[in-house]
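Spelled out from the first residue to the last, the chains are:
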Amino acid sequence: MSVHKDLIKHAQNQNQSYQEFQALDVLRERYIEEAVELCKQGKPFTTDKINEVTNRMNRINLRIISIRKNVTVDMVKEYVNSLEKK
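The following paragraphs examine the structure supplied in this document. Worth saying up front: this structure is predicted, and the values here are computed from it rather than measured.

Cut-offs used in this document
Residues numbered from 1 in each chain as written. Predicted model: local features only at pLDDT ≥ 70, side-chain atom pairs only at ≥ 80, totals over all residues. Heavy atoms only, no water. Helix = DSSP H or I, 4+ residues; strand = E, 2+ residues; numbered from the N terminus. Buried < 20%, exposed > 50% of the residue type's maximum accessible area, 1.4 Å probe, protein only. Contact = heavy atoms within 4.5 Å. Areas by Shrake-Rupley, 256 points an atom, 1.4 Å probe, with all protein chains shown as cover.

Here's the deal with the overall build of the protein chain
- Helix and strand counts for the protein chain come out as three helices and zero strands.
- Reading the protein chain from its N terminus to its C terminus gives the helix and strand order α-α-α.
- Each principal axis of the C-alpha atoms in the protein chain carries an extent, and together these give about 60 × 20 × 15 Å.
- Per-residue burial over the protein chain gives 26% buried out of 86 residues.
- Residue pairs in contact within the protein chain that sit at least 24 positions apart in sequence constitute 65% of those at least 6 positions apart.
- Only carbon and sulfur atoms are counted for the fraction: they give 51% of the accessible area of the protein chain, which is about 6,700 Å².

In structure tokens, the structure reads:
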């Protein structure tokens, strides 16, 4: 019975970690969109908030999810430039 309880607890912890990861992923995408919009408008922006969330996501220990890359200002600029070329 103890093993069964341990497995249930482990599954609950994994689910909680996954839910936290999902919430952070949504927040990361929002921050990326904000940076892209500022870049499109020619306004100054940083990737600090994006990378702070990215680092929090990467500290969550879930084997089924790949590590997220930190984003640089140049990456955002390159993305915006690629949109303008379309």
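There is more to say, and it comes next.
Quick notes on the side chain of Thr-47
- As for its position among the elements, Thr-47 is in the loop between α1 (2-40) and α2 (48-59).
- Take Thr-47: its relative accessible area is 7%, and that puts it in the buried class.
- Those residues in contact with Thr-47 that lie beyond four places of it in its chain are Val-71, Thr-72, Val-73 and Val-76.

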